[in-house]
Amino acid sequence: MHIFAPKETDPRETRAALVPEMVARLVKLGAKVSVETGLGERASWPDAAYEESGALIAPDRRAALADADIVFRVGKPPEDEVGALKKGAIHLSFLDPFNEKALMGQFASQEVTAVSLEMMPRSTLAQKMDALSSQASLAGYQAVILAADRLPKIFPMMMTPAGTLSPSRVFIVGVGVAGLQAIATAGKRLGARVDAFDTRPVVETEVKSLGAKFVKIDVGETGQTAQGYAKELTPEQIEKQRQGMAKVCERSDIVITTAKLFGRKAPVIITKEMVAGMRPGSVIVDLAAEGGGNVEGTVLDEEITTANGVRIIGHGKLECRVPQHASQMYSANLTNFVEHFWDAEAKRLKLDMEDEILKGCVITHGGKVVHERFRNDG
Ligand code: NAD
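Residues numbered from 1 in each chain as written. Predicted model: local features only at pLDDT ≥ 70, side-chain atom pairs only at ≥ 80, totals over all residues. Heavy atoms only, no water.

Buried residues dominate strand β10 (residues 193–197), accounting for four of its five residues. Across five bridges, the pairing between strand β9 (residues 169–173) and β10 is parallel. Bridge pairing links R169 to R193 in β10. Once the chain exits β9 it traverses helix α7 (residues 177–189) before rejoining the sheet at β10, and the crossover so formed is right-handed. Pairing of β10 with strand β11 (residues 213–214) involves two bridges; the strand directions are parallel. Bridged to A196 within β11 is F214. (Buried < 20%, exposed > 50% of the residue type's maximum accessible area, 1.4 Å probe, protein only. Helix = DSSP H or I, 4+ residues; strand = E, 2+ residues; numbered from the N terminus. Pairing = 2+ DSSP bridges. Right-handed = clockwise from strand over helix to strand, strands pointing away.)

Spelled out as structure tokens, the structure:
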């Protein structure tokens with residue numbers, strides 16, 4: 001089986017879907033591995049490192065795509081490249097299937113098995129292949145680092161002969177994978193005082209175990225889906241949440257919002273008025289910027305300063321700012337997938353479409369859109 005990783009085409013993408021360490025693991029399985037020239041450049045891996053691990057360097061991208069049985073990619077492919085894939089090939093990447101109906105159709109007509117990493121089930125077994133989580137951890141960490149860099153204050157308490165500096169206050173809204181890393185980084189690693197809130201009350205214990213304070217806001221009945229994602233609040237509940245959060249925002253130096261709703265637009269939970277109530281110099285990082293943003297005024301991929309001197313950071317994909325570790329984790333997620341479904345005797349991938357993991361993440365197979373959530377649309 002030939003596994004090929006082409007270079008990413010999105011100019012903002014810094015990650016590589018395959019890193020040398022994972023090449024070695026795949027070669028050990030008995031696969032032929034090739035990577036496009038310069039694949040790891042932006043994540044600091046030269047071609048030579050891939051060669052040393054057993055990969056071939058492929059200068060002709062389209063020829064390699066046409067020959068590959070498995071394609072590793074971070075982002076979705078450009079539309080004109082789906083047609084270059086081999087019939088029956090397996091394509092692993094983020095696909096944004098909720099917004100990419102035409103692309104799914106193309107995969108189906110090309111008879112490619114397209115796996116969407118976003119749809120990986122949140123089961124214990126699939127955790128090692130869960131790229132949304134691996135990347136969200138890094139984004140949560142990076143959000144704090146970025147905010148710390150922009151804040152005109154330091155995080156920890158400092159007692160010096162010149163006086164005592166009180167610790168900065170950080171408010172984390174949304175305590176999922178990214179939020180937990182943000183709490184740990186801001187509080188445990190950098191010494192800030194951290195408050196956190198989530199509509200899923202189950203996270204309160206996790207917040208406390210990280211030494212942070214859970215902000216209690218009674219918004220009525222909330223919940224989570226079987227996959228662990230938050231349920232959408234009603235407009236009245238969102239309003240209650242805003243009122244409960246306004247005071248906490250006012251006293252915070254940094255607010256980091258991570259509140260997403262899987263497959264839907266992110267809720268706006270911080271209004272212009274709440275931002276106006278914050279002190280000059282305060283920083284907001286909106287990790288939901290790509291999904292529409294949790295903060296009124298967020299501009300995707302930009303940093304803006306409001307009239308009252310609050311900086312709102314809307315950069316998407318913060319994990320791309322630590323491309324080496326992000327590639328390492330992403331590549332491990334894909335390699336774990338291949339190892340999990342590898343038939344050692346036949347030395348090939350064997351996909352049983354009745355498997356629970358595959359039912360969750362395979363979008364197209366055998367010329368059709370097979371995923372139950374997208375099938376009718378397909
Ligand atoms: P996410 O990125 O969809 O959302 C981030 C957080 O925002 C979530 O905690 C969500 O509850 C919260 N949120 C949504 N609306 C909000 C609102 N109005 N106000 C405040 N917070 C709001 O979620 P995620 O980080 O991908 O993960 C959610 C959960 O799934 C976590 O508990 C995580 O531990 C769990 N998980 C389990 C597995 C597994 O079992 N394999 C894998 C990954 C994640």
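This part takes up the nonpolar core. Ranked by size, the top nonpolar core spans 64 residues in total, and within it L18, F72, L92, F337, V338 and L349 carry the most contacts. Ignoring any residue separated from it by four or fewer positions in sequence, one finds F72 in contact with I3, F4, A5, P6, A17, L18, L26, L92, L334, T335 and V338. Core analysis: the second largest hydrophobic core is formed by 51 residues, F155, F171, A186 and A212 among them. (Core = buried A, V, L, I, M, F, W, Y, C linked by side-chain atoms within 4.5 Å. Contact = heavy atoms within 4.5 Å.)

With that out of the way, let us pick up the pairing of strand β13 (residues 283–286). Alternating residues of β13 divide into V283 and V285 and I284 and D286, and every residue in both groups is buried. One ladder, built from three bridges, connects β13 with strand β15 (residues 311–313); its direction is parallel. For V283, the partnering residue across the bridge sits in β15 and is R311.

When the domains of the protein chain are assigned, the result is domain 1 (2–119 + 323–367) and domain 2 (136–321). If you average the C-alpha positions of domain 1 and of domain 2, the two centres end up 33 Å apart. Opposite the eleven residues of domain 1 that make contact, domain 2 presents eight residues. Broken down residue by residue, the surface that domain 1 buries against domain 2 is led by R12, R15 and F98, which jointly contribute 43%. Scanning the region where domain 1 abuts domain 2 turns up two salt bridges. For R12, the salt bridge goes to D301, with nearest N and O atoms at 3.2 Å. Inspection of the region where domain 1 meets domain 2 yields two residue pairs in polar contact (both at pLDDT 80 or more). Residues that form the side of domain 1 that touches domain 2 fall into these classes: five nonpolar, two polar and four charged. (Domains from an automatic or database assignment. Buried area = accessible area lost by both parts, 1.4 Å probe. Salt bridge = Lys/Arg side-chain N within 4 Å of Asp/Glu carboxyl O. Polar contact = N/O pair within 3.5 Å; in protein donor to acceptor, adjacent residues only side chain to side chain. Nonpolar A, V, L, I, M, F, W, Y, C, P; charged D, E, K, R; others polar.)

Turning to the sheet that holds β10, a few remarks are in order. Here seven strands make up an open sheet; going across it, the order is β11-β10-β9-β12-β13-β15-β14 and the pairing mixed. Edge strands, defined here as strands with exactly one partner in the open sheet, are β11 and β14 (303–305).

Of note, T271 is situated in the loop between β12 (254–257) and α10 (272–276). If we skip the residues at most four places from it in the chain, T271 touches R242 and E296.

Let's shift gears to the site of the ligand. If you check the shell around the ligand, you find 23 residues, and the closest are R122, V177, D198, R200 and Q241. Within the backbone of S123, one N or O atom sits 3.3 Å away from a nitrogen atom of the ligand. Residues belonging to the shell around the ligand are distributed by class as follows: nine nonpolar, nine polar and five charged. (Near = heavy atom within 4 Å.)

All right, on to the environment of H91 then. In this structure, H91 sits in strand β5 (residues 90–93). The sequence separation of H91 and D69 amounts to 22 residues, and the corresponding C-alpha distance is 8.4 Å. Each residue touching H91, except ones within four places of it in the same chain, is listed here: V71, R73, P77, L85, F107, V112, T113, A114 and V115.

Now for helix α5 (residues 101–109). Listed in full, the buried residues belonging to α5 are L103, M104, F107 and A108. Down the axis of α5, the buried side of the element spans an arc of 145°, and every buried residue falls inside it. Structural note: α5 exposes A102 and S109 on the side pointing more than 90 degrees away from its buried face. Among the structural elements, α4 (79–82), β5, β6 (113–116), β18 (362–365) and β19 (368–369) are those in contact with the buried residues of α5. E111 sits one or two positions beyond α5 and adopts a positive phi of about 60°. (Arc of directions from axis to C-beta.)

Residue K317 is not a glycine yet carries a positive backbone phi of 45°. With respect to the secondary-structure elements, K317 resides in the loop between β15 and α11 (323–340). Looking at K317, the relative accessible area reads 32%, which means it is partly exposed. Look at K347: it is not a glycine, yet its phi comes out positive at around 55°. Within the secondary structure layout, K347 lies in the loop between β16 (342–343) and β17 (348–349).

Counted by the stated rule, this structure contains 28 salt bridges. The closest approach of N and O atoms between D10 and R12, which form a salt bridge, is 3.0 Å. Among the residues examined, D10 registers a relative accessible area of 27% and is labelled partly exposed. Among the ionic contacts, a cluster of salt bridges with common partners joins E36, R61, R73 and E81.

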